[in-house]
Amino acid sequence: MKKLHLYLIAILIVASVAAQKKNSSIKALKKEVRENVLAKSKMAQVMVDKVFSFSELGFQEIETSKYLTEMLKNNGFEIEYGISGVPTAWWAKWGSGKPVIAIGSDIDCIPKASQKPGVAYHDPIIKEAPGHGEGHNSGTPLNIVAVLAVKEIMERENIQGTLIIWPGVAEEQLGTKAYYTRDGYFDEVDLCVFTHVSNNLGVSYGPASGTGMISVEYTFSGESAHSAGAPWRAKSAADAVELMNIGWQYNREHLHPLGRSHAVITDGGDQPNVVPSKASIWYYFREITYPKIMQMYERANEVAAGAALMTQTTLSSKILGSAWPRHFNKVIAETMYENILQVGLPEWSDNDQNLAKAVQKQVNAPSEFDGLAVALNPIGLPIMEPKSGGSDDIGDISWKVPTVTLRYPSNIPGLQGHHWSNAIAMATPIAHKGVISGAQVEAMTLLDFLLKPELVSQAWKYFDEEQASKQKYIPMVGAEDEPAVHLNTMIMENFAPKLKPFYYDETKYDSYMEQLGITYPTLKKE
């Protein structure tokens, strides 16, 4: 018995020593990968500035996707182009075996948000042109830098695993991620790490603040006639749009306070002297749970049918996009947050802080915002009291596989979002430093999950127990729905030729600000 006892003690000692060696090895590799990321700072800056200069709206990210996929192809990735029928979407894969980790970020920009970087007041590159007023020019460059840094170590150490980089195309239209899940792209994925620009370095788990939504365009068809000569012979599609809008406005009065809905008329007719035979209106319907979203959608369908009945027009509708409410994985988030604590926030220069404070003053930011963040926030905990707000179609993927969103500090606190002011920092040292910090965190987290298979199992345990057992995921897009790839075509046909002379040429200029002749920072003279 004594010998058996000593034998068991010896086994425990050997196991403990082995575990310590493993942890020590992982710690050393994570230190190395941080250095690898830092060594790619110039590469990151060029990619961030280059994508910023393209300024392409959703579904029209042609130059952006061409540039990024060429970068990945040159680094050994196999590229599947045009996934889910979206010309600017792709699936870039490297490695083999488990775990399979999908790494994503959005790539589209915002209408009428053109802005010179580093200039602390409104100064568009091209007046009325699109611009990166959401900061989506930075996320995929971050992912590429992080993954390439990890890839170097995987090749040398013979670490098994598959890394996939993919883009969120047309996120501002919630236009593609539900199609990716519907079409099976995440069926064999073990976990997903998503990145999104922010003003601090952070991650959360559990239900997130904000909403899910469905995006729908209703089109009415009637009969045209001369508006003065024979209006009684017409059936006005424009009348139907107006009646639907009025009817829905009365319904909005009775929405729960957490619900949101908004619309634009996409086709109101051609000219006043022709009664419109076609007219369309585009709605977003937002709520905090999938059943409530679908209830709002069904009620809107009834209002649309009523408008068609009143005007003797015919009705058709098309889903243009959708997003499930987000739910993020506790195991991935807690693992990532430990790496966030190690990396910390960037060291901001006086120029960085002066730009941030000037922009905050320019847009009348709330008084609690005074420059760039200098302290990390705690890990984001599950939302106990639901809070309404925006949507992101990463929600669909978060209900398909264990997922988190890493938020990284490449923008200025206190801005209103979807605005030219949010583009000011996005090709400056603020964006570049934030991307490097985020890439270090992401690379370290990827190594954790590549080298500790038990973490993948734990992530799925949380997913199965806290999500899948309580709510079945059903994509809001059906088998017959197709991505709305026509969106933004006319806008980009107008502005792409005007923006092309301003594309960043990294062979001639050290930075995009240098190419534009901008002194950093350029502040408004009092």
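Every value quoted in this text rests on a predicted model; they were computed, and no experiment measured them. (Residues numbered from 1 in each chain as written. Predicted model: local features only at pLDDT ≥ 70, side-chain atom pairs only at ≥ 80, totals over all residues. Heavy atoms only, no water.)

### Quick look at the environment of D392
Phase 1: Here D392 shows up in the loop between α9 (350-362) and α10 (394-398).
Phase 2: Of the residues examined, D392 reaches a relative accessible area of 6% and is grouped as buried.
Phase 3: Separated by 272 residues in the primary sequence, D392 and A120 have C-alpha atoms spaced 28 Å apart.
Phase 4: In this structure, D392 is in contact with D106, E171, L174, K177, F194, H196, T211, A323, W324 and R326, ignoring residues within four places of it in sequence. (Helix = DSSP H or I, 4+ residues; strand = E, 2+ residues; numbered from the N terminus. Buried < 20%, exposed > 50% of the residue type's maximum accessible area, 1.4 Å probe, protein only. Contact = heavy atoms within 4.5 Å.)

### A closer look at the side chain of K50
Phase 1: Relative to the helices and strands, K50 resides in helix α2 (residues 41-54).
Phase 2: What makes K50 buried here is its relative accessible area of 14%.
Phase 3: Among the polar contacts listed, one links the side chain of K50 to the side chain of E506, at a separation of 2.8 Å.
Phase 4: Discounting chain neighbours no more than four positions away, the residues touching K50 are Y67, Y504 and E506. (Polar contact = N/O pair within 3.5 Å; in protein donor to acceptor, adjacent residues only side chain to side chain.)

### Observations concerning the sheet that holds strand β4 (residues 161-168)
Phase 1: Strands sit in the order β1-β2-β4-β3-β5-β12 across an open sheet of six strands; the sheet is mixed. Each edge of the open sheet carries a strand with a single partner, namely β1 (78-81) and β12 (403-409). For this sheet, the mean inter-axis angle between neighbouring strands, taken without regard to orientation, is 20°.
Phase 2: Across the sheet, helix α11 (residues 429-451) lies against β3 (100-106), β4, β5 (191-198) and β12, angled at about 150° from β12, the strand it touches most. (Pairing = 2+ DSSP bridges. Axes fitted to C-alpha atoms, helices over the stretch in contact; angles between N-to-C directions.)

### Topic: unusual backbone geometry
Phase 1: Note that the residue after K98, namely P99, is joined by a cis bond; omega there is -5°.
Phase 2: Relative to the assigned elements, P99 resides in the loop between β2 (90-96) and β3.
Phase 3: The amide bond that connects Y520 to the next residue, P521, takes the cis arrangement and shows omega of -10°.
Phase 4: Its location among the elements puts P521 in the segment after α14 (512-516).

### Topic: the pattern of salt bridges
Phase 1: For the structure on display, the rule yields 20 salt bridges.
Phase 2: The residue E152 makes a salt bridge to K40 at a minimum N-O spacing of 2.7 Å. Remark: K40 occurs in the loop between α1 (2-39) and α2 and E152 occurs in helix α4 (residues 139-157); sequence separation between them is 112 residues.
Phase 3: For K40, a relative accessible area of 14% puts it in the buried group.
Phase 4: Where K461 meets E465, a salt bridge forms, and the shortest distance between an N and an O atom there is 3.0 Å. On the criterion of helical spacing, the pair formed by K461 and E465 is a turn pair, its members being four residues apart in helix α12 (residues 453-468).
Phase 5: The exposure class of E465 is partly exposed, given its relative accessible area of 41%.
Phase 6: Bridged by salt links that share partners, the residues D106, K177, D392 and D393 form one connected network. (Salt bridge = Lys/Arg side-chain N within 4 Å of Asp/Glu carboxyl O.)

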